[in-house]
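Descriptive structure summary
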Amino acid sequence: MTSTTVTDSRAAAFRPTNPAVPMPGDGALWAVRDTLAMTWRNLTTIRRVPQLLVFAIVQPTIFVLMFRYVFGGSISIPGHSYVDYLMPGIFVQTCAFGALNTAIGLAEDKGKGLLERLRSLPMSRSAVLGGRVLADTTRNVFVVVLMLAIGYAVGFRAHTNVVMVALGVLMLVLFGFALSWIFALIGLSVSNGEAAQAAAFPMLAPLVFASNAFVDPAKMPGWLQAWARHQPVSAAADAVRACMLGGPTAHKVLISVAWSLGIAIVLSPVAVRRYRRL
Amino acid sequence: MRVTGTGKPAIVVDGLVKHFGDVQALKGVSFEVPRGTVLGLLGPNGAGKTTAVRILTTILQPTAGRAQINGFDVVASPRDVRRSIGLAGQYAAVDENLTGRENLVLVGRLNHLSKAAAGARAIELLDQFHLSDAANRPARTYSGGMRRRLDLGAALVTHPPVLLLDEPTTGLDPASRQDLWEVIGGLVADGTTVLLTTQYLEEADRLADRIIVIDQGVIAAEGTAAELKARLGETTVVLGFADAASAASAVAVLAKHAATILPADDKGLTMPLRGGPTTVRDALNALDHAGLSPTRIDLHEPTLDDVFLSLTGATA
């Protein structure tokens, strides 16, 4: 539709001077581009509110100090110094809590009406979630590297090589990526950031604490052992320990990758479906 | 370049029904909006206005009935509908942590403009909405009026032929409201079709060519502002006097001028403002000749409460 006769200056001000023509493109290509645009937006937000990133470091650091120096003396793990056993668990915990941001970020966008606007745009239906998860995954890489440095400061040492440590970081990032899809579902199901946090914690606690992240499940009651040995946090911690501390690795890495990919493959379409039907 | 369908009305809504569980938000609403005109959807909170807008933006699926924008069905061709509309809502859906410019560029990119086109359009819109000085400040530092302008700018990135405004001025101060009305007026002058929801009769009166009053999910009345006002009651002038005797004399004097002079209370009277300002002048002159001078003069406009009381008898 071209504009009709322009009668006054105010109308002239709103006449299109820039054609602003959308570019043609193929569906899958647009899904990628939209996802990257949303990732950029979410990363910019993280950069603009640096306090959030600081708190993201402070919380696991407190756990490190507490378990390393307060509880650590009373915990003995056969075959490892406790700090070496602990730090991979802390890395996994950091990624798990980092994934909470996916729930909070989406719930806040929903609460502020931003999702309404985005859903009224001719953009890919998966880009809002994909961009959120990718940004939180990127953030997790950054936080994990920092936690690795903090681990070194309190006496943690990798006993393998750089390549294996990098593989361990990759395991962590993949695990955080998978959990983000669980939290995306939670974020879309509540109406604001506080509610997301409240809803996500009861899920996180049994995953993170009833696991082998901080202690050896052998000393837990039998029913809890069964859970603690066969759940994604323990699988990830096992894989990261194998990568960083040595010992048989391939099997543990495969189990953790299977958990992460399984969660992501099953839940990402469910989350996108939820987004479409908000 | 605008995406256009056929020569049909810009918006066609036919028998739209939406249930949320047991709640019937829309119970069969039908209307059309011809191209280049403004339809005001007027109603109290919970009337179904926002539900109608959300169906038109493809965000919500109707339970029954159909809706078309720019010739595209909202259920069958949601992508074409999304390409045809701009949405600005009561929540001012801008990202607080992005700058004004970044917000507009992001919406441009998500509308699949090239980086250069999205950047150029952002600058153009910032200028048009008097936000150039604040272009590089995070939107959280903006005032309420600035956020609404940015939100409206975001809705206009691709020059959409149809604009959906959900309570665009709710919560704004009067100056910002005036400001936004002028902007919307400019868009309409340029040929954009607008559907506007509002709780304010004044806003519908000012902007809308036609008004639909919606209440509890059904259309309670429709027509031009003038037609509705005629149905809803008219503007009246209330004159107050120093004592009851003066008021009684004034009623007697003015009875010769207008047929429906009513004593408002023992010290005042109410007369309809049918002839516009001259009615007041004539009335005051007549009172002056009779040696009467009112101590108080009020204009009484029909309010939205009056609208709902008279149209639905419901608890407005």
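Residues numbered from 1 in each chain as written. Chains lettered and ligands numbered in written order. Predicted model: local features only at pLDDT ≥ 70, side-chain atom pairs only at ≥ 80, totals over all residues.

**Quick look at the environment of A:Val92**
Residues and elements named next belong to chain A. Topologically, Val92 is positioned in helix H4 (residues 82-111). The exposure class assigned to Val92 is buried, which follows from the 32 C-beta atoms found within 10 Å. Put simply, Val92 and Gln59 are 33 residues apart on the chain and 13 Å apart in space, counted from C-alpha to C-alpha. (Helix = DSSP H or I, 4+ residues; strand = E, 2+ residues; numbered from the N terminus. Buried ≥ 20, exposed ≤ 12 C-beta atoms within 10 Å, placed from the backbone.)

**Section: the sheet that holds strand E2 (residues 23-33) of chain B**
Reading across from one edge, E2-E1-E4-E5 (chain B) is the order of the four strands in this open sheet, with antiparallel pairing throughout. What marks the edges here is a single partner per strand, and that holds for E2 and strand E5 (72-73) of chain B. (Pairing = 2+ DSSP bridges.)

**A closer look at the domain arrangement of chain B**
The domain boundaries assigned to chain B delineate domain 1 (11-231) and domain 2 (236-300). In this structure, domain 1 of chain B and domain 2 of chain B have C-alpha centres spaced 43 Å apart. (Domains from an automatic or database assignment.)

**Some details on the sheet that holds strand E10 (residues 218-223) of chain B**
Residue and element names in this part refer to chain B. As summarised here, the arrangement of the six strands in space is E6-E7-E8-E3-E9-E10, forming an open sheet in which the pairing is mixed. One side of each edge strand has no neighbouring strand; the edge strands of this open sheet are strand E6 (85-88) and E10. Shown here is a sheet whose adjacent strand axes are inclined to one another by a mean of 15°, direction ignored. In this sheet, strand E7 (residues 162-166) lies alongside E6 in parallel orientation, the contact comprising four bridges. Residue pairing across strands places Ile85 opposite Val162, the latter belonging to E7. Set on the sheet, helix H5 (residues 144-155) makes contact with E6 and E7; between it and E6 the angle comes to about 165°. (Axes fitted to C-alpha atoms, helices over the stretch in contact; angles between N-to-C directions. Contact = placed C-beta atoms within 7 Å.)

**Quick notes on unusual backbone geometry**
All names here are of chain B. Its identity is not glycine, yet His112 carries a phi of approximately 70°, on the positive side. Relative to the assigned elements, His112 resides in the loop between helix H3 (100-110) and helix H4 (115-128). Accessibility expressed as a C-beta count within 10 Å gives 23 for His112, which makes it buried. Although it is not a glycine, Gln216 adopts a positive phi angle of roughly 50°.

**Things to note about the environment of A:Val266**
Residues and elements named next belong to chain A. Inspection of the secondary structure assignment puts Val266 in helix H11 (residues 250-276). On the basis of neighbour counts, which here come to 12 C-beta atoms within 10 Å, the residue Val266 falls in the exposed class. Along the sequence, Val266 and Pro122 sit 144 residues apart, while their C-alpha atoms lie 26 Å from each other.

**Examining helix H10 (residues 232-245) of chain A**
All names here are of chain A. Along its 14 residues, H10 runs 19 Å from first to last C-alpha, staying within 8% of the 20 Å computed at 1.5 Å per residue. Judged by how many residues are buried, H10 sits mostly within the fold: 14 of 14 residues are covered. Where H10 ends, the next residue or the one after it, Gly246, has phi of about 100°, a positive value. (Expected span 1.5 Å × (residues − 1).)

**Overview of helix H10 (residues 277-289) of chain B**
In this model, H10(B) (13 residues) spans 19 Å end to end at C-alpha, consistent with the 18 Å of a helix rising 1.5 Å per residue. Backbone geometry just after H10(B) places B:Gly291 at a positive phi near 75°.

**Thoughts on the nonpolar core**
Counting 151 residues, the largest nonpolar core has A:Val92, A:Leu172, A:Ala236, A:Val240 and B:Leu56 as the members making the most contacts within it. With near-sequence residues (within four places) excluded, A:Val92 lies in contact with A:Leu172, A:Phe175, A:Ala213, A:Val233, A:Ala236, A:Ala237 and A:Val240. (Core = buried A, V, L, I, M, F, W, Y, C linked by C-beta atoms within 7 Å.)

**Thoughts on the pairing of strand E1 (residues 11-20) of chain B**
All names here are of chain B. Relative to strand E4 (residues 64-69), E1 runs antiparallel, the two sharing five bridges. Among the inter-strand pairings, Val12 is bridged to a residue of E4, identified as Gln68. Taken together, the eight bridges between E1 and E2 define a ladder with antiparallel strand orientation. In the strand pairing of E2, Val17 is matched with Lys27. Linking E1 to E2, which pair antiparallel, is a turn of two residues; within it Gly21 sits at a positive phi near 60°.

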